[in-house]
Structures are given as structure tokens and as C-alpha cells.
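# Summary of structural features
Below are the chains, spelled out letter by letter.
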Protein chains: 4
Amino acid sequence: MFRYFTAGESHGPELTGIAEGIPAGLPLTEEFIEEHLVRRQQGYGRGGRMAFEKDRAEIRSGVRFGLTTGAPISLSMINRAYEKDDSNWPKVMAKDGERGDVERITLPRPGHADLVGVQKYGFDDIRPVIERSSARETAMRVACCSVARRFLQELGIRIGGHVIQIGSVGYGSWEEVRSAADTIAESSEGAENVWRTADKSDVRCLDGTLSEQMREEIKKRRKEGTSLGGIYEILVTGVPAGLGSYVHWDRKLDGLLAQAIMGTQAMKGIEIGLGFESGRRQGHDVHDEIAYADHHFTRKTNRLGGLEGGVTTGMPLIIRGVMKPIPTMIKPLKTADIDTKEELDTRYERSDVCALPRAVVVAESVIAPVIANAILEKFGGDSMDEIKDRYPSR
Amino acid sequence: MFRYFTAGESHGPELTGIAEGIPAGLPLTEEFIEEHLVRRQQGYGRGGRMAFEKDRAEIRSGVRFGLTTGAPISLSMINRAYEKDDSNWPKVMAKDGERGDVERITLPRPGHADLVGVQKYGFDDIRPVIERSSARETAMRVACCSVARRFLQELGIRIGGHVIQIGSVGYGSWEEVRSAADTIAESSEGAENVWRTADKSDVRCLDGTLSEQMREEIKKRRKEGTSLGGIYEILVTGVPAGLGSYVHWDRKLDGLLAQAIMGTQAMKGIEIGLGFESGRRQGHDVHDEIAYADHHFTRKTNRLGGLEGGVTTGMPLIIRGVMKPIPTMIKPLKTADIDTKEELDTRYERSDVCALPRAVVVAESVIAPVIANAILEKFGGDSMDEIKDRYPSR
Amino acid sequence: MFRYFTAGESHGPELTGIAEGIPAGLPLTEEFIEEHLVRRQQGYGRGGRMAFEKDRAEIRSGVRFGLTTGAPISLSMINRAYEKDDSNWPKVMAKDGERGDVERITLPRPGHADLVGVQKYGFDDIRPVIERSSARETAMRVACCSVARRFLQELGIRIGGHVIQIGSVGYGSWEEVRSAADTIAESSEGAENVWRTADKSDVRCLDGTLSEQMREEIKKRRKEGTSLGGIYEILVTGVPAGLGSYVHWDRKLDGLLAQAIMGTQAMKGIEIGLGFESGRRQGHDVHDEIAYADHHFTRKTNRLGGLEGGVTTGMPLIIRGVMKPIPTMIKPLKTADIDTKEELDTRYERSDVCALPRAVVVAESVIAPVIANAILEKFGGDSMDEIKDRYPSR
Amino acid sequence: MFRYFTAGESHGPELTGIAEGIPAGLPLTEEFIEEHLVRRQQGYGRGGRMAFEKDRAEIRSGVRFGLTTGAPISLSMINRAYEKDDSNWPKVMAKDGERGDVERITLPRPGHADLVGVQKYGFDDIRPVIERSSARETAMRVACCSVARRFLQELGIRIGGHVIQIGSVGYGSWEEVRSAADTIAESSEGAENVWRTADKSDVRCLDGTLSEQMREEIKKRRKEGTSLGGIYEILVTGVPAGLGSYVHWDRKLDGLLAQAIMGTQAMKGIEIGLGFESGRRQGHDVHDEIAYADHHFTRKTNRLGGLEGGVTTGMPLIIRGVMKPIPTMIKPLKTADIDTKEELDTRYERSDVCALPRAVVVAESVIAPVIANAILEKFGGDSMDEIKDRYPSR
């Protein structure tokens, strides 16, 4: 079973990850991981901060001569800003010694974990909460999950996401999204073609006109000093039928996918296929008729998003998630100081306006281990040779 | 940690459950469980089948003189129809012997696990898939989870759900739902008052006019030979701040709640608070300002649904789920026989039109263990006395 | 992954078990399970209690026409004594109502969980501790684990145990045990031949002379009013090389086997192969030289008991466990009342003198799920056909 | 719940660990961890290799101003030899590129994971097996577990081990060990006094005469070109009654302790209290009578090693483990080449003769997370303040 831990603070010396349980013999390079790390850094809607240094995770164990060895894979992302910038992070984030004149942060930002973190852990300083709850952690999450993603790629399973809504701008219906995305996903590269195409837009939207409108929406909200979230869709192609199980609730693949998505910073909802729309339609506009063609059972539509009874149908998975607007905003919100309890405005902080295009990459990543584990459960195996030998050709 | 297993087939002799990890000293009766089992059986939109016998789970272990003992609690629901009706279930579902003249089912119903189950497990008969993937299993799920629900009740945590959308009929906005539900949940009984009030409507909707429209919608769709799903909302009141954690993705309470909901039959989406709507709004219309009053931090609104950073804020949890329409419908769908591969219409079967009102009870139930475990993680404890002693009074 | 829960009290109405995660298509009958349940009831050293009714577990779900369906398997053992004897168990163990005149037990028996149970759960009565900590629970454990054992059998993996020490009587050396057991295990039935042979002795010892001496030892200790434990050895034949892993501590098969054995009532130690003796020998008398013959790597000896680096070598597993003497004894021990704190003698209770021969069956059983899971991890699979297709022929 | 992963190869650039689940507010320094890392490096019986550089784990996250923050703690041990020695490890262990002229290792060493590793993962080179299965990994295990050990220390729970047998030299009886160790453990520092005292002997034996004999035994075996293992005992003092549970097999503390010990390199057995000796004695020489004194229940002896029914009694835990002799030995063993299948002698390699004194430190460490988790289960809590507040004073 693929398992992973991430560690590290936003402004600490390093983000660290350990990914355990990947079979031996999987080709894995830092370049593969880097591609998704860099994608995660890109997208319209970022604040005016410095040009970013590219994230890169160094493989520190578990890979030899380009192949995994079955051993745990450790990944390290050194935070270069930690030492070199002028914010004095080594002092602020010192692992030992006294606090000295390092300031406490006492004004919790609504929408972040600031207040709940302090309440839970009994801190008198919000700093440690900010450092760990920050979306910076998703960089290491992407790195760890990319190992699972590489595993899936080897079996022809591809994952690709695109943006379908930012604030008030988005597709008009399920069918509109299908016609924008499905043909692209039917290429020989499957859903990889979806992200490659979407990545051509800096808002990661497949539709040129909507992309332009989304950028306008972001510009407008930036001027107003507020922020935006939005909705993305992830497609997974090449998934064999029969992953997951209906026999026990905790083996249903929908549940495991939902946990992965909802266990990600800022996500407030997930749906499979038609999702919430399926509650508004009558049955004949929801269920997918079964057909048999080319020696395979198939579905005439894919409104259930590739899952029936918690089990994959062999159709592409279609998963949507929603990200709330970034809570850090120019125009302040009311809050209360944890020391004085005084009601105050949140402090001015530079921030991005919309993180959604980048969140797509995180969402693509976090579902990879779920699918990889469903594969390992059905096909077992300690090495890629062993698995491929058993794996159905398509 | 509260853990549970369910077992049993829809037309087998018994549904069985084991719930492990509940502290000693919790008052628990079959009546408490029965109340929710019976609620699960009630709701407008059922088919014309016989008057149902009331479900009742018998406690077979783990409780003595009305109090839990810390030992696993086994629950048994004997299927009375198994023996007495004329469908010959003891023969059809025989655990041993030969199949004989028991017919195989070879026509998979779209939207059910029928086809994927056969593909996964290599069956030549859909019967075993139908038997285990059926929503009948949720009766035992409700029974097991009611144990956790009783635990939460003892600590003043109440769970209550109501229907907000059936097909095309539903509330117009988040704010409309808030004004229908929040006052009710602010009573001294908290969210228990929500379900008690909703239960007065046979579609479990708090609004009388909408209830009427929902019934009309169901009637109309019944006539058309199709079916409906819908959307429900679950409120949880009395939840202390600080449950769950932002420090690691698999400890975020949103993710665990999402798995519980999405691990339930027919659910295609879940959202917390504003959910998908939060992707359409700008930040100031999403985040909840922090205030301090009466010696407590609070939020001026609760649009994030009681969770920030995967941790409870102390505000009520607001969780919504969507159920797809029932796949079994009078008007047929196309499908293909697993033997002959021939394309055929689904067979006529009597079925309910809308299961949503009953699904509310299941959803209320399945989240109880998640919250109970978050409580046990923070407060520990082997007995109710020990836990109550540590538990914050509100 | 095979998982199981047991529930039920020693004098409650029923022992219940749920076994989840077994592939579909496994032949499984109540007779197979019963064979091991009855074996568990037999053995020299039982007290003079009534002739025992044979234990039998009824399969209540998960099996149809003699084959598993992939669904959870529930097992039920009705406690016939509950209703019919004169001890008034329905009143003593009532799940509801008041205690009334049912006596509290306040004198903890040393060596049982009595005192710690009361301390942990805050009881004023030892009864609930006795009821759940009793070795009666192992009946259901045997039943659940027999499902995994049946799975292993289908793949040619056999488990068989025998007694090697009771009190002061036992084999003189590792080599003596090897010459008593290994030839027997090399039959075509593998380790099944070990238990079948050992079962001919009512102390489950393969050696006739030792068997006689063990009976004498038991008789002698019975007269003295004391009790005995002892040491058993379990062999597992037909295990393929490569189960378990050295890559992470919690995947080492030795650790998982050890947990299963030590998670069983009254066990105080476990060793693999030479075990503790390996600490007393020099290296050349411990390690097993590697050879290659008949197209297979093999070992010239098997002193490491079939495991190197936490991974199976393909040689038989040899696992030993020790059971402490039964704590309930005619000759009293000192104890202290939980109410009065007064120091008193334990009360006279009829009891067995030596439970070891029966514990062998429990130990054989509890390791089956561990090995089954290692198989499932390496070979995956949802049905027996799928697994057998991949499984190496030997 | 405390969880941890280790990663890293013996001759790779770094060993990495992540420890997740430790409460906030625990004082933790690199010095505390280093003390045990250095202890792990020390002991009579090492080979003639170079003077070792001291191991030191750097804390890379999860600690600020000397206190844990609740966030995952990452630990890094840079392998200085990787870059600087002349073995060309960066080339041999290269994560990418081609193998080039790096030699394959094809001669498996009996007693190591060499052969099984190759069989499991399908390698044509034993190098990756050696690198991960090596006991070098226990350095990071000690580092991770020291975090849990620090947590226990804060609650007055101390762990200390000592050697009781090396080859043919050891204590004559349980009682002899008790009189050597128990008084030492009864000091105010509890079992910490055990390791501090044992550490004065370079074989970590509390008895001066035995220490001398053990050194002689090691010298003798070194001359013979063979190796030794042995038996150690770990004491844990300050453990409250009521940790673990008898209610379900996988909650019994004995099982969890056994897995931790047996999941450690080279361990072939574990016992609690009298362990295997309890199978040779009659009941009255095994069970511990209960007494009440000083407002506490206690035991007159501690032959069951602090556990009854899988639950702590409040007496010290007494756990013994056995380590097999080091498999790498001067005098060769027969083996067979994985390429040619030719039977050959193992190659000459410099090696230690006896690793037992160092293994004691590993064993002390690996049980710490088990006990920490039992504490967290009973007392819950997110911060040390919260936990201490609930924790019983003694």
C-alpha cells in the first residue's frame, strides 16, 4: 500500500516527504516530479511577489539508476529563501533557544486555521499554525503523490485537470464541459492531454473565451481588494473496471477519493460525475446506459463519472472540487486579538487573488495514491514487471 | 477509536454489525437505535410495496444493565421476510449446496453496482452483487453509527438533517436555507430539533411550501416512470473547537467527513458550508469574521460550515450531500446481458421513486463515528466518567 | 486485506464475528470451521465440568452455494447454555434494566484481567471484565481465522501445531523437535499432517513417551491444586518466498506474526525458528546455508524458521509460543477486594489445569490472517480464479 | 496517534525520518536524541573498522524554540561517509543515470535479507537489498522513537535495557536477573537508572563478572571467525495501570510491543515477564498475588512483567528480546550465486562479532511509540499541558 507523510514549515529550512509502498522497478526521476511542482507554481492570479524560484524535490533514497527499489522514497525541498532573504527566518523559526525578541502573532485571520490552531494546541502565538497550515505544504504533497502518478502512468492511467469556474465565470452546464474536455481526453495520451491543453491557459481553462473572462474577473476582484476561488474538474483516463468495492463502506473508491480531495487546503466540496446536479435531474438524465462493443462493456454516457457502487466502470473518472477564495485579502475583515480579545481589522498582507489554477495540480496529485492503492489491491505485486504481467492490456 | 463492520445480504437471514472502541459507561438501549432505524424507513416517495415491518437491531453483546462495557457491541437484525415470504429466499440465498434451479440474474441495471461487481469478482450471476450493494445495508450502518451518535449526545453534540432539494424543487439560496434551519438549530436541543422538525414533513423538508412542491415533483416523476434524488443538509451542534487537525492531510476533519458521506450508497457529492457556492463568490462573501463575546471566540457568520483548516471552529457543522436518483425505474434503460452481450431493456421492477428523505437519516448517522473519533483523539478516555470529567462545559 | 472483529461475552447470548476482505470464489463450509472449533475444545487437562456441547459457528452472510462472495462473512455462535442452564445468565448478563439482586464480583483473580479491567474502565464489578477477557472469545477467533486458513489451504499453504513442553516435561533440544516434526511435515499434506498426527495425542504432542509424561505432569499438578502452561510449535508449509518486507519495520512478517500470537489470551512469548536459543549459539550454528537444487534456491537447514529480514524464505515457518499456567487454581492466591481493599484468598472455582493443548489450535488460527494478507499484498486479486492464475505452482 | 516512517539507504546520502502525531509543547532537543544515537553506536564487539563519527539527527521541522508544535517532525542524518570516503558511493548509489561499470552483487549472504529481497523484488543485484535491510536503518528508528521516548519521560515513564545473555554466558535464572536489575530500577530515576548503570559496562551488562565473561566469549568467537547474538531485557517504569485493552485482540499491549520488537532487524523472539519460563513452571510460581498498600493496588511479585490480559498493571514492564548472531562472519558459509546458481563460499567481509549491546538501545527505542500511543488513547490531548493536567500524579 502506498503511504506518505509530509513534514515541514512554510518558512522552515526544508519540506520533507517520505513515500512508502511503491513497487520496485518503477522509472522515476526528479524531472518527472519537477514538472508537476513547477506547474503548481504557475497560474494567473498570483500576487506581485518576487519571481519565484522553481521548486525542485531532491530524491534522497529509494531510487537507484533511475528505478525505484521498493524502499521508502524520501524527498527533500530545501527552502532557499530560509537562509538568504532578509526576513530572518532562521531566527524566527529557530528549533532551539529562546524566543527572545521574535514577535508573536496574535491576530488570527478568518478563513485560515489561525484561531482554531491556537485553540487546539494551546499556543500564545499563531506563527506555528500559519507555518504548517499554509498551502506551501502542498508542494511536498505534489512531490510525494507524483511518485504514485508515475506508477499510474506506467499502466496507462493518466490524470489531467482543468478549471471550470472562477467566481462568477464558468461553463453553463455539465454538457458544455463535456464538449470542451472529453474529446481532448480521448486522445492517445488520455487525460494527460487535458492538463497539457489546459496549461496553455494561465487560468488552466480549456476554453479561450472563458479564460479571458476569468482573467478579467480576477483583475476586477484584485482591484476591489478581495479574492476568488473556483471549481476544477479532474479527469482520469485508462482506469480499468473493478477498482474499489461496494462490499464495505470504507472500500468504496468515491469515499477515498473524497477524503483525498477534501483533505487538501481550502477545498470545500467534491463531486463525482454530475455530482450535485444529479440531485436536480430525473433518473433518466443521470444514469448511464450500458452497451457492449468491441468485446467490452461500456457506457453510452458518463454522467456518473466512472464510478458505480464505489467501483470503477472503466469509463474515465470525472471528479470536481471547489476551492474557497483565498482568505488573505487587501480589504480587511474583522477579527479579535487572541491576547487582548479586542476586535480589530486583519492586517494588510500581500497575497494572491486566486490560487485555483495552481490548486488543479494539487488535486490531480492527491488522487493518484488512492487509485494506485486500488490497483495494488487488485493486482498486488512487488515489482513493475510482476504487475505489468498481470495487468490487462487495453 | 470507534470502528465498525457491517455484514449481511439484502435477502439473507440477517444483517450483522460489530462496533468496537466505544468507552464504557455509555447508556445505550435498543430503543435509541430503533428510533433512527424507523426514521430511516419513513419518507414520501416509497414504492407501493407492502407495509414495512419496523426494523429493530438487537444488541447481542457489549452492553449490560443499559450501559456499554467497553467491549465490542454486536448488533443483529434478523430478516423476517427471509423465512416467511414466498420468494424462497432460503433457497436462493443458500450458503451451501448446489445452485440447482435457482435462476441466475444476467441483466445488469445501469447505475447499480451490478456490472462492475460481476467484472470485479468474476461472477456469472449478478445476484450476490445486488444483495450486498443494496441500500438495505444502510440499516445496519445506521444501527452501528447510532452507538457513536449516542456517545455524542451524552456530550451535548446533536446531529440533525433536512432535505433542501428534490429534483427541480428546492431552496433558492444558502441564505434561504440558513433562515429556515438556523433558528431551529439554536434551540436548547440543537440540531436534534432540526431532525425532529424536519421529520414532521414526509419529505423531511423544514419548509411547508417546498414540502408540498417536492411531493408534487415526486408524484409527477412517478407517473413518468422515472426517479429522483436530491440534496440534504446535516447540522451538527455542540461541537467544541479544535477537533481534527491541519498538521497532516489525513487528520483533516473535512476529509474524514467526506469519506463517510461518499462511502454511502448513491452519494455523488459532498460540500461543507457554502461548498460549491464558495467558488462562485468573492472572498468577503465567504469568510466568517471572528468576534469575541461571552468569554468565547465566535464567528459572525458560518459560511465555512464550522471547519477552518480541517479543524472545528466551535460553530455548527454544516454538511451537504447529494443523492443520485434511484437507478431502478419503471421506464427502462438500455443495458447488455452479461451472458449473451445482447442489448436489452432493463426489466420492470417495482421500486421507490425517491429515497432522499430516508437517506438523510443515513447521512446523519455515518458522520457520527467521525466526530466521535475526533473527540476520543482529543479527550481520550476509557469510560464516560473519565471523558466527561475532562470535557469542557459550555 | 483480511480484517476481522469478534464480539460477545463468555456467558452472553452469542459470540459474533465479522471477517471482511476475503476474495470471492473461495469454497467455505461450516464443517471446515467446525473441525477447528471442535479441535479447540479437545485436550487433556480440562476440568471436570460437564461434557461440552460442540461449538459450531453459523455462517450468516458472505457465502452462497458454498463459495464466498467477496462480501463480509458474519459468523454466529449461539451460547446454548445461556438460556438453558440454571445459572440465570439472561438475568446476570441482561443488556437492559437494573442490576437488581445480581451480585457484583469484587475479588480480582491474579493473572486475569480482573483488576486491570476494573481500573481501566472504572467498574465497581469485575463481571464485565471476566466476560470479555475470557478465553471463550478464542472460539470466535478460531472461527474467523478459519476463513483465512481455508484461503491458504486453497493455495497449498498448511498450518499445523504441536505441543513441545508442558511444565517440566518437554523435548531436550531444537534438534529433537526437528526430528519429531519435520518428517511429518514433509508429507504431501505438509503441516496439516502435523496437526492430524499431534491430535492423536490428547496433549497434542507428537512423541508418545513425552505425551505420557505430560499427562502425568498434569495429573500431579491437579492434585497439588495448581496449574500448568507450556510451549507449542506451529509449522506452516507451502509458503512461497518473498512474503513480508524488510523495507519498513511495520511490514516485517515476524512482527505481524508476533502481534497475532501475543494478542492471544495467556501468551507470554513468541519466537521464530531457534528463537531464544539463537542468542546462546555462535553464528555458524544459527544461520542456514543457501543451496540451489531442482531449479529452486533452498536452505540446508531451517534454524531461522523460514524468515530472513522479515521475509519468507520458502522454507516452512516455525513459530513457537508460550502459554502461562491457567490463573484460576484450586489452591488459592492472595488478592484484595476492590470494595473493601481487604486482603483475601481467591475463591474456589472449578477450572481446567492445563489449556495448552487447546491453545495450539488458537495459535494455528491467529497466524492465518497474517499470512493471507501477505499473500494478498503480493498477489492481489478479488477472486480465487484471479489469484490462482497468478500464484506460482510449486 | 504517534506514527513514523524511516527512509534511506546504508550508503546513500541521508537517512530521513518523519514522526507524526506528537502533541504540542513537548521539550525536544537534538541533544536528547543524540544521546541515544551515540549510545547505539557504542558497545564491545564491534569490528576493527574506523573510529566512528558520532551520529546526529538534525531536526528539520516540527520544533520551535525547543518545543514541539504538533506538526510532523522531520529528522535528517546526513551520511558523511557518502561523499568523503573512497568507496565511490555517489556512483554506486546514484539515483539516476546508467549502472555503467558499477558491479552487481550476486552472492547472497545467509541470514541476511539478500536472497529473499532479490526474489521478492525481482532484482539482478543484491545491492539495493543490502542497503535497505542493513541495521544502519535502526539509527533513524532510534531517532524517531526518541521523540516518543521524550514524551514518556515528561510523564515520568522511563525505559532502560541491559544485556542478560551473550552466547553461552548469562544469568542463571529469572530471580538472578531480578536481583541484579530491580533495585536499580527502583531508584527515583526508574528504568533510566538501568541503562545508565548498564552503559558503564561495554557489553551493557549490569553484572561485572558476567560482563568480563561476555567480553571473553566475544574474543573467543572473534578468533574462531564466527559471531554472537544474545538476549536483553528492557524495563519500563512509571507506567500507569490500564493501558492497552483486553476487549479486542489488536488492542492488547503485549501484541503491539511484540510487533515493535520483532519488527526490528535480527530479532528472533520476544517474551514478557517470565516468558518462556512461565510454560515450565506451575501456576503458583508464575502468577503475581495482588495486594493493596498506600492507597494503591499492587502486586507482590512481577513475574508477568507488568501486563495482565494485555493491559498494564502499574508494575514495571519487563520485556525480553533475543538477537541472532550477526550473519556476516569471517569463516565462510555456503551459498549460491543468483546468476550462476553455483555453490560458493560467502566472501570475506570485515564485520562486528556481536551487535547485542547496541541492539539494546534500539529495543528500548522501538517500544516507546507503543506506550506513547497507549497513553494518547487513554488520555488524549493535543498539548503537553492538556495531557499533564489529566495525567495521574503518582
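On a predicted model such as this, the values are computed, not experimentally measured, just so you know. (Residues numbered from 1 in each chain as written. Chains lettered and ligands numbered in written order. Predicted model: local features only at pLDDT ≥ 70, side-chain atom pairs only at ≥ 80, totals over all residues. Heavy atoms only, no water.)

### What about the interface of chain C and chain A?
Listed by partner, the interface residues are 20 residues for chain C and 20 residues for chain A. Carbon and sulfur atoms supply 35% of the area buried between chain C and chain A, which totals about 1,500 Å² over both sides. Between chain C and chain A we count 8 salt bridges in total. The interface formed by chain C and chain A contains 14 residue pairs in polar contact (both at pLDDT 80 or more). When residues of the side of chain C that touches chain A are traced back to their parent elements, those giving at least two are α12 (368-379) and α13 (384-390) of chain C. For the side of chain C that touches chain A, the element with the highest residue contribution is α12(C), accounting for 4 residues. (Contact = heavy atoms within 4.5 Å. Buried area = accessible area lost by both parts, 1.4 Å probe. Salt bridge = Lys/Arg side-chain N within 4 Å of Asp/Glu carboxyl O. Polar contact = N/O pair within 3.5 Å; in protein donor to acceptor, adjacent residues only side chain to side chain. Helix = DSSP H or I, 4+ residues; strand = E, 2+ residues; numbered from the N terminus.)

### Observations regarding the sheet that holds strand β6 (residues 73-78) of chain C
Within a sheet, adjacent strands bond to each other through the backbone by hydrogen bonds, running parallel or antiparallel. Residue and element names in this part refer to chain C. Across the sheet, which stays open at both edges, the 4 strands sit in the order β1-β2-β6-β3 with antiparallel pairing between neighbours. Each edge of the sheet is formed by a strand with only one pairing partner; in this case those strands are β1 (3-7) and β3 (58-59). As defined by bridge partners, strand β2 (residues 14-20) adjoins β6 across 6 bridges and the pair is classed as antiparallel. If you follow alanine 19 over to β6, its bridge partner there is isoleucine 73. (Pairing = 2+ DSSP bridges.)

### Re the packing of aromatic side chains
Per the counting criterion, the structure on display carries 28 aromatic pairs over all chains. Geometrically, the ring pair formed by Tyr121(C) and Tyr246(D) is edge-to-face, given 5.9 Å between the ring centres and 85 degrees between the ring planes. Note that Tyr121(C) is positioned in helix α4 (residues 114-121) and Tyr246(D) in the loop between β9 (230-237) and α10 (253-262), a pairing that runs across two chains. Residues Tyr121(C) and Tyr246(D) agree in their burial class; the two are buried. (Phe/Tyr/Trp six-rings, centres within 6.5 Å; stacked < 30°, edge-to-face > 60°. Buried < 20%, exposed > 50% of the residue type's maximum accessible area, 1.4 Å probe, protein only.)

### Description of the interface of chain A and chain B
Taken together, the contact between chain A and chain B spans 107 residues of the former and 107 residues of the latter. The largest per-residue losses of area from chain A upon contact with chain B belong to Tyr246(A), Trp249(A) and Lys268(A), which jointly make up 10% of the total buried on that side. Between chain A and chain B we count 2 salt bridges in total. Notably, a salt bridge pairs Lys300(A) with Glu343(B), separated by 2.9 Å at the nearest N-O pair. The interface formed by chain A and chain B includes 43 residue pairs in polar contact (both at pLDDT 80 or more). Ranked by residue count, the leading element in the side of chain A that touches chain B is helix α10 (residues 253-262) of chain A, at 7 residues. For the side of chain A that touches chain B, the residue count by class is 45 nonpolar, 36 polar and 26 charged. Here strand β11 (residues 267-272) of chain A runs beside strand β10 (residues 267-272) of chain B; their pairing, made up of 3 bridges, is antiparallel. Looking at β10(B), one finds that Gly269(A) is bridged to Glu271(B). (Nonpolar A, V, L, I, M, F, W, Y, C, P; charged D, E, K, R; others polar.)

### Looking at the UniProt feature "binding site: FMN" (unreviewed entry) in chain A
Residues and elements named next belong to chain A. Those residues carrying the UniProt feature "binding site: FMN" (unreviewed entry) are Arg132, Ser133, Ser134, Gln265, Ala266, Gly309, Lys324, Pro325, Ile326, Pro327, Thr328 and Arg350 in this numbering. In three dimensions, the annotated residues from a span of 219 residues occupy distinct locations, with a maximal C-alpha spread of 45.6 Å. Along the chain, alanine 266 falls in the loop between α10 and β11. What makes alanine 266 partly exposed here is its relative accessible area of 26%. (UniProt positions renumbered as here; feature names shortened; annotations may be inferred.)

### Quick look at the relation of the copies chain A and chain B
Overlaying chain A on chain B yields an RMSD of 0.0 Å, the required transformation being a rotation through 180 degrees with an accompanying axial translation of 0.0 Å. Taken together, the rotation and translation relating the two chain copies correspond to the operation of a two-fold axis. The overlap is high: 100% of the interface residues of chain A also sit at the interface in chain B, so the same surface is used on both sides. (Least-squares fit on C-alpha atoms with pLDDT ≥ 70 in both.)

### Points about the UniProt feature "binding site: NADP(+)" (unreviewed entry) in chain A
Residues and elements named next belong to chain A. Under the UniProt annotation, the feature "binding site: NADP(+)" (unreviewed entry) is placed at Arg40 and Arg46. By secondary structure assignment, the location of arginine 40 is in helix α1 (residues 30-41). Contact partners of arginine 40, with chain neighbours within four places excluded, come to Asp55, Ala135, Arg136, Thr138, Ala139, Val142, Arg358, Val361 and Val362. One polar contact links the side chain of arginine 40 to the main-chain carbonyl oxygen of alanine 135, over a distance of 3.3 Å.

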